[in-house]
Amino acid sequence: MPAAPRDLPFACACGTVKGTLRGVTPARGSHAQCHCIDCRAAEVYLDQPDPAPRAIQLFQTTPDRFHFDQGFDKLSVFSFGETNLLRWYASCCGTPMFNTLRKPKLAFASIMTRTLSDPAPLGPIVGTGYIPTPSGKLRNEGLPRLIWGALSRAAAAKVTGRWKVNPFIDPDTATPKRPVHIVPRDQRKAITGQAKGNYRPLAP
């Protein structure tokens, strides 16, 4: 029997930014984890410890499932480039919280699972990206499933019109609801260099 939908509260570390991820089931998103340099560099940029060799765990779903109860005015966003992923965080305490794409018609948003009150309803991790190996190459596990899940959810949101329900980006203008800070290239290079220095291969 499919799991019943759950509403999961989320909050930043200091509790200023709070909300609910609505109608969660393992079938309505993908529980994933990522070792990539950019995800880890984003943590360092926000004065968080580099999680290496552990991965960053996320739940990928659609923006319409996010509802904010308080503190949205404390939400800020940055990106490592003009076309790169938007990375949302609580400016009150520096907690990394969400990632979104820039185009609202491609409905995609992920939440850092550590901001959720109870990640158990997300189900097991179904994909892992950019796993470091002793050879220096990176490998992925479950990547086709993650891509298919993201595309199928975005397609369903477009057909039903749910893509227009987006707390992060204005669907009419495709403009983020907070000014986007683009991290200067030299600063990004320094941060990613620091993250690369901490890279450790994992057993295959």
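The following refers to the structure shown. (Residues numbered from 1 in each chain as written. Predicted model: local features only at pLDDT ≥ 70, side-chain atom pairs only at ≥ 80, totals over all residues. Heavy atoms only, no water.)

**Section: a nonpolar patch on the surface**
On the surface, a nonpolar cluster with roughly 340 Å² of combined accessible area is contributed by Leu106, Leu143, Ile147 and Leu151. Note on placement: Leu143 falls in helix H2 (residues 143–160). (Patch = residues over 30% accessible without salt bridge, like charges linked within 9 Å, V, L, I, M, F, W, Y side chains within 5 Å. Areas by Shrake-Rupley, 256 points an atom, 1.4 Å probe, with all protein chains shown as cover. Salt bridge = Lys/Arg side-chain N within 4 Å of Asp/Glu carboxyl O. Helix = DSSP H or I, 4+ residues; strand = E, 2+ residues; numbered from the N terminus.)

**Description of the packing of aromatic side chains**
Evaluated as defined, the whole model comprises 14 aromatic pairs. Judged by centre distance (5.6 Å) and plane angle (70°), the ring pair of Phe66 and Phe168 falls under edge-to-face. Of this pair, Phe66 sits in strand S5 (residues 66–70) while Phe168 sits in the loop between H2 and strand S12 (169–170), and the two are 102 residues apart along the sequence. Assigned by exposure class, Phe66 and Phe168 land together as buried. A centroid spacing of 5.6 Å and a plane angle of 80° characterise the contact between Phe68 and Phe98, whose relative ring orientation is edge-to-face. Pair noted here: Phe68 is in strand S5 and Phe98 is in strand S8 (residues 95–100), with a separation of 30 residues, a long-range link. (Phe/Tyr/Trp six-rings, centres within 6.5 Å; stacked < 30°, edge-to-face > 60°. Buried < 20%, exposed > 50% of the residue type's maximum accessible area, 1.4 Å probe, protein only.)

**Concerning the sheet that holds strand S4 (residues 56–61)**
Taken in spatial order, the nine strands of this open sheet run S11-S10-S3-S4-S9-S8-S7-S6-S14, and their pairing is mixed. Every other strand in the sheet has two partners, leaving strand S11 (138–141) and strand S14 (180–182) as the edge strands with one partner each. For this sheet the average axis-to-axis angle between neighbouring strands, irrespective of direction, equals 25°. Where strand S6 (residues 75–79) and strand S7 (residues 86–90) come together, four bridges link them in antiparallel fashion. Directly across from Leu75, in S7, lies its bridge partner Ala90. (Pairing = 2+ DSSP bridges. Axes fitted to C-alpha atoms, helices over the stretch in contact; angles between N-to-C directions.)

**A word on empty space enclosed by the protein**
Counted according to the given criterion, the structure contains three cavities of 30 Å³ or more. Space inside the largest cavity adds up to approximately 70 Å³. In terms of lining residues, the largest cavity is bounded by 13 residues, among which Ala42, Arg87, Pro96, Asn99 and Met112 are the most central. Every element with two or more residues in the lining of the largest cavity is listed here: helix H1 (37–45), S7 and S8. At four residues, S8 tops the list of elements feeding residues into the lining of the largest cavity. Its residues assigned to classes, the lining of the largest cavity comprises 10 nonpolar, one polar and two charged. (1 Å grid on protein atoms, 1.4 Å probe; cavity = no way out; pocket = protein on both sides within 12 Å on 5 of 7 lines; lining within 4 Å. Points joined across faces, edges and corners; volume = space filled by probe spheres on them. Nonpolar A, V, L, I, M, F, W, Y, C, P; charged D, E, K, R; others polar.)

**What to know about the layout of surface pockets**
Counted as a void, the largest pocket has a volume near 580 Å³. If you trace the largest pocket, you find 24 residues lining it, with Gln60, Phe108, Tyr130, Leu143 and Leu146 closest to the centre. Looking at the lining of the largest pocket, the elements that each hand over two or more residues are strand S3 (30–34), H1, S4, strand S10 (127–132) and H2. Sorting elements by how many residues they give to the lining of the largest pocket places H2 first, with six residues.

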